Amino acid sequence: MKFLVVDDSVTMRRIIVNSLQRIGYTQTVEAGDGEEALCHFNSSIQFVITDWNMPNMSGIDFARALRARPDGKQVPILMVTTRSMREDILAAVEAGVNNYILKPFTPPTLKEKIEQVMTVAAGAAA
Amino acid sequence: MTARSASELLYDSEASLRLVDNAIGEFAPEEGRHEDAADMQFGDIDSLTKLPHTLFRAYSEIRSILERLRVSRGILEQSAMDKLAHMHDKLKEVSSATELAATDILDGLDRSVAMVDELDAIAETPDSASRGLELRGRMRDELFGLMVHLQFQDITTQQLAYASSVILDMEQRLVQLASIFDPKAFAMGGSLADSSAPVSFDPDASNSDSTDRQALADSLFTVKR
């Protein structure tokens, strides 16, 4: 499975990519903000992990833009962010985000959320 | 405090300080006119009779100026204190998060070094292969854990960006107030920070209570899904 990892922090991208490799996902593409992520997105991407607070285009705007594209309507989106206010989380739900992880996270949490999203996606497709 | 109410308070402060400035201007002696008692001629009875009135007017103006300054100070305090208090909390959190992460990383390194020593010690033992395999697995987990601890950097970066934005906001307010008294001196003054630089941060970013915050996110996603 190929992942698109979007975060303006190089450290965070590295931690997420390394965590993915550790739980068995080795194919990743990286982007530093929503605009760059939209450029990198194509039909080969099967899972998106994005931060919220980024320059140029935020993760929430990226999620909305992705859901507006015909090829981005179904791709699972997992948001990994510090934003924990109730209204932010609800905004993410409304934007089409499939699941939500608060930083700092642990690799088992990342694995659990990816599996949850994939299970729901598989159920919806069946 | 919302940005709108802060801006309204700043407008009120400016208005008060402009009144103060006008009052000072009115009280200043006109050119060529001497109101100083020492400059008056002894025989200038008319001036002497006016002196108590002049002093009383000066007293009233000074009281009025002090009252307006007090009001301005209160408005400024009200608009700034919440932000400064939040900034102070965030900076304290940066300090403790940095120390906690450094301690966790050092602890992890200590444990990793001890595992290397243990690998050396078991190298010559009959079951070195199986024990070495288990130990290397534990060491990989330990080293990976160190990498995960480095997430504090992303969170503290956002907390520092928030503190920086508050300082920049305070600077702009002070420049606006100072320019009321001396517009020429502040007309050309640039800001301390490059306001055109894209900055995106979460003002509530935190390392603490991550379990509770994750539980809230999980509950909202479960309800909405």
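Residues numbered from 1 in each chain as written. Chains lettered and ligands numbered in written order. Predicted model: local features only at pLDDT ≥ 70, side-chain atom pairs only at ≥ 80, totals over all residues. Heavy atoms only, no water.

Counted according to the given criterion, the structure contains 13 salt bridges over all chains. Here Asp7(A) makes a salt bridge to Lys103(A), at a shortest N to O gap of 3.2 Å. Taken together, the positions of Asp7(A) in the loop between strand 1 (2–6) and helix 1 (10–22) and Lys103(A) in the loop between strand 5 (99–102) and helix 5 (107–125) put the pair 96 residues apart, joining distant regions of the chain. Exposure class is identical for Asp7(A) and Lys103(A). Each is buried. When the shortest N-O distance is used, the salt bridge between Asp141(B) and Arg22(A) registers 2.4 Å. Separated into two different chains, Asp141(B) in helix 3 (residues 128–149) and Arg22(A) in helix 1 make up a pair that spans both. You can call Asp141(B) partly exposed: its relative accessible area is 47%. For Arg22(A), a relative accessible area of 36% translates into the label partly exposed. One continuous salt-bridge network, built from bridges that share partners, spans Asp7(A), Asp51(A), Lys103(A) and Asp154(B). (Salt bridge = Lys/Arg side-chain N within 4 Å of Asp/Glu carboxyl O. Helix = DSSP H or I, 4+ residues; strand = E, 2+ residues; numbered from the N terminus. Buried < 20%, exposed > 50% of the residue type's maximum accessible area, 1.4 Å probe, protein only.)

Residue and element names in this part refer to chain A. Residue Lys 103 is joined to Pro 104 through a cis peptide bond whose omega torsion reads 0°. If you trace the backbone, Pro 104 turns up in the loop between strand 5 and helix 5. Of note in the backbone geometry, Asn 56 takes a positive phi value of approximately 65° without being a glycine. Summarising the element assignment, Asn 56 is placed in the loop between strand 3 (47–50) and helix 3 (59–68).

Each partner contributes to the interface: chain B provides 29 residues, whereas chain A provides 34 residues. A combined buried area of about 2900 Å² lies between chain B and chain A, and 61% of that area is made up of carbon and sulfur atoms. Of all residues in chain B, Phe144(B), Gln151(B) and Phe221(B) bury the most surface against chain A, accounting for 23% of the area lost on that side. Taken together, the connections running from chain B to chain A amount to 12 residue pairs in polar contact (both at pLDDT 80 or more). Going through the elements one at a time, helix 3, helix 4 (152–181) and helix 6 (210–224) of chain B are the ones with two or more residues in the side of chain B that touches chain A. For the side of chain B that touches chain A, the leading source of residues is helix 6 of chain B, giving 9 residues. (Contact = heavy atoms within 4.5 Å. Buried area = accessible area lost by both parts, 1.4 Å probe. Polar contact = N/O pair within 3.5 Å; in protein donor to acceptor, adjacent residues only side chain to side chain.)

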